[in-house]
Amino acid sequence: MAFEDIPVDVGLIYEGERIRKAQMYADLAGPKSFGAELLRVKPMDEVEDEKVTVIGPDFKDMEQGKAYPFCIYVEVAGEKLEEDLEGVFERRIHDFCNYVQGFMHLNSRDIIWCRVSKDAVSKGLSLHHVGKVLARIFKQEYEAIKKVQVTFITEPEKAKEFIEMAREVYEKRDSRARGLKDEEVDVFYGCVLCQSFAPTHVCAITPSRPSSCGAITWFEGRAAVKVDPKGPIFEIPKGELLDPVKGEYSGINKVFAEKSGGTVTRVFLHSVFEHPHTSCGCFEAIAFYIPEVDGIGIVHRDFRGVTPFGIPFSTMAGQVGGGVQTDGFVGIGVEYMRSSKFLQADGGWKRIVWMPKALKERVLNAIPEELRDKIATEEDATDLESLKKFLEEKNHPVVERWAKEEEKKEEAEEKPEEEYVEMPTVEAKAFAPGVGNITIVFKNAKIYAEKIIIKRGSK
Amino acid sequence: MIIAVSGKGGVGKTLVSSLLIKILAEKTQFDILAIDADPDSNLPEALGMEVKTTIGDIREKLGEIREELSPGQSWRSALEYEAMKALVEGDRFDLIAMGRPEGPGCYCAVNHVLREIIDTFAKNYDVVVIDTEAGLEHLSRRTTQDVDIMLIVTDCSKRGINTAKRIKELSEELDIKFKEVYIVINRAKEGLVEKIKEYAKSIGLEVIGIIPEDEIVAQYDLEGKPLIELPKDSKALKAVEEIYKKLDLEKKIEEEEDLMLYAGQRSHVTHAHVHGFAHRRVI
């Protein structure tokens, strides 16, 4: 690409450049001032290619060592461009600005922080150059972008107006992004950061399912892959959609089979039953099936009390964690509870019967209004009996299931000879340093034990 | 170039770190980053700097940061921003404090990202001096990459020496790669020095410097004055200058720069680049 008219170097190698205070000419936006960046898709005739406008002082007119407001407004045009791409393009402003030697750019939206170095300013770098670089790289990276014009604002009043306008756009964009569906993306992401202690665990990250630790959303996954393509977070091609309700994809099954050494071959993203997602050890919360009320409870890490099962989070986490699939249990991130596909195969919120009060308050907006009073907390129910009573009193949707269950039972009693129930296969992986992996497989077994103790034999 | 200074609490590793930084700042043009990786140390005070936020504080705050983010925004960039804010910037060197190690809960993903952020920071400097606790936790967590030179500071006490031994063993167990490891004896008492040297030799370590008892250091400590302001005739400063010479740091850092230039094959790179960061990413 032609950058002969730019007085400093331009290239990927400058991406990690941090301008230290000692080398800095001016501080732009950041904690000492304010600013924002915005990218909009515009009609072809409204954008003049490579036009750069600077409202307020350019670098050379700034006082050395001072902080200034700073806004970046990028307008792009192209026949094939859609408004939905604005967010994706906007995040690249960060990358492309950083390609400019002597120019630093951190973060996004209305919390950006930029700096320009003394060295760059003394070589004659101006905002006009930075704008030209942005325009050219945008056109090069995205064929669909035909024209780019850039406006920088360093004048305080104009900057304030711009930030207000930008915030309105962000808000509109966010409400759309919150609704981003698994169906609308081509790839999912996988994370194996936890495999050191959960060797068969892979985290499948999709727009409707953030990682179990809650830390990595689909957007975060995409950002991570870009930063470190060979790192612990990687792309998962979706493959075929095998079950839209349970959330089973051939691409995810394949990756789990590979990364778990063949232990896990099927995964349902949106169910606690049959093939639930594996659970690492970092999950923020556990969704657990309570057969006595045919409902699902959720307990989060910070809750110190006991669940209606009589055990606290820590005990339950010890049982379901470590990278195994446990029918009826799944480790989840709190953000997943806000997903439109939250345990949809099991009935979603209609199946949730118990959760700690603190957690309920945190996700209250995600709970359908008519169910908010019907979900018990530790204040309403502390054991299975009081839970059952509470649900009956409030006429929770699961109560209807009890009636159906009764009918089924009666039918079953009439003709019991043909009934065959396949018992789930339970597999437990144990690992200890120097011992290697031990796999214990119980097939078609009915086991009841208060406690299983495995001791190492004496040497 | 990454130099780590370790030792039992109270043996004087902060003295060694801060004086090394002082010498580097005064004698060279290198860009210097100090990393305080010992929550119990007083490196910031020794350097005359004030830390408002540590990396540990940022980790604790991440929950809040995340809740405020919109769906399309990445907390990685938010962390980068916060980490840059936590950097204390001086005229000749910068400082970042790691803070306390984490509490309960999972920090795999966060630590991984923080590690990348600190590594990116570190690459912007010619030399990084890490004041690290004896458990080497930050090193084992790979908060920093491989260390070029490790200085283990000890006084003449049995406990100081045992800790030195433990640090050496730990670094082997944890598979941290050091190019060079040395012992520095602080508050040396005549008659005991030879014994410690012998002991160091028996565990396969060389003593690279001996810092005598220095009344001025004690006085500065008492008055809470930054050690970096120690006068030229301070015995401790002179001793660390000797260590600096023996380590041949200036030459080693320059050689590293040359090697990187070569690896980067940036023929048009100027001297300004050498003291920037540009070529360092290429490797």
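Refer to the structure presented above.
All values reported here derive from a predicted model rather than from experimental measurement.

A. The arrangement of the interface of chain B and chain A in detail. Each side of the interface is counted separately: chain B has 32 residues, and chain A has 36 residues. Of all the elements in the fold, those that place two or more residues in the side of chain B that touches chain A are helix 4 (75-86) and helix 5 (108-122) of chain B. For the side of chain B that touches chain A, the element with the most residues is helix 4 of chain B, which contributes eight residues. Taken together, the residues of the side of chain B that touches chain A sort by class into 14 nonpolar, nine polar and nine charged.

B. Representation of the environment of Ala-83 of chain B in the model. Residue and element names in this part refer to chain B. Relative to the helices and strands, Ala-83 is located in helix 4. Ala-83 sits 28 residues away from Ile-55 along the chain, and the two C-alpha atoms are 6.7 Å apart. Excluding residues within four positions of it along the chain, Ala-83 makes contact with Ile-55, Ile-58 and Ile-117.

C. Structural detail: the sheet that holds strand 5 (residues 70-77) of chain A. Residue and element names in this part refer to chain A. Pairing is mixed across the open sheet formed by four strands, whose spatial order is 2-5-8-3. Edge positions in the sheet fall to strand 2 (35-41) and strand 3 (52-55), since each has one partner strand and no second. Averaged over all pairs of adjacent strands, the angle between their axes in this sheet comes to 10°, without regard to strand direction. Looking at chain direction, strand 2 and strand 5 are connected through seven bridges and run parallel. Pairing of Leu-38 across the sheet is with Tyr-73, part of strand 5. Sheet contacts for helix 1 (residues 86-98): strand 2 and strand 5; angle to strand 2, the most-contacted strand, approximately 135°. Packing against the sheet, helix 3 (residues 127-141) makes contact with strand 3, strand 5 and strand 8 (147-153), and its axis sits at approximately 150° to strand 8.

D. Expanded view of the nonpolar core. Formed by 201 residues in total, the largest nonpolar core has its most connected members in Leu-134 and Ile-286 of chain A. Tallying contributions element by element places helix 5 of chain B first for this core, with eight residues. Those residues in contact with Leu-134 of chain A that sit more than four places away from it in its chain are Val-74, Ile-93, Phe-96, Cys-97, Val-148 and Val-150 of chain A.

E. Up close: the environment of Val-324 of chain A. Mapped onto the secondary structure, Val-324 of chain A falls in the loop between helix 7 (313-320) and strand 16 (329-332). The class of Val-324 of chain A is buried, set by 21 C-beta atoms lying within 10 Å.

F. Region of the structure containing the sheet that holds strand 11 (residues 233-237) of chain A. Residue and element names in this part refer to chain A. Spatial ordering of the open sheet is given by 10-9-11, a layout of three strands whose pairing is antiparallel. In this open sheet, the two edge strands, each paired with only one partner strand, are strand 10 (203-205) and strand 11. For this sheet, the mean angle separating the axes of adjacent strands, direction not counted, is 35°. Pairing geometry for strand 9 (residues 187-191) and strand 10, over three bridges, is antiparallel.

Definitions and cut-offs
Residues numbered from 1 in each chain as written. Chains lettered and ligands numbered in written order. Predicted model: local features only at pLDDT ≥ 70, side-chain atom pairs only at ≥ 80, totals over all residues. Contact = placed C-beta atoms within 7 Å. Helix = DSSP H or I, 4+ residues; strand = E, 2+ residues; numbered from the N terminus. Nonpolar A, V, L, I, M, F, W, Y, C, P; charged D, E, K, R; others polar. Pairing = 2+ DSSP bridges. Axes fitted to C-alpha atoms, helices over the stretch in contact; angles between N-to-C directions. Core = buried A, V, L, I, M, F, W, Y, C linked by C-beta atoms within 7 Å. Buried ≥ 20, exposed ≤ 12 C-beta atoms within 10 Å, placed from the backbone.

By themselves, these are just geometric observations and shouldn't be taken as functional.
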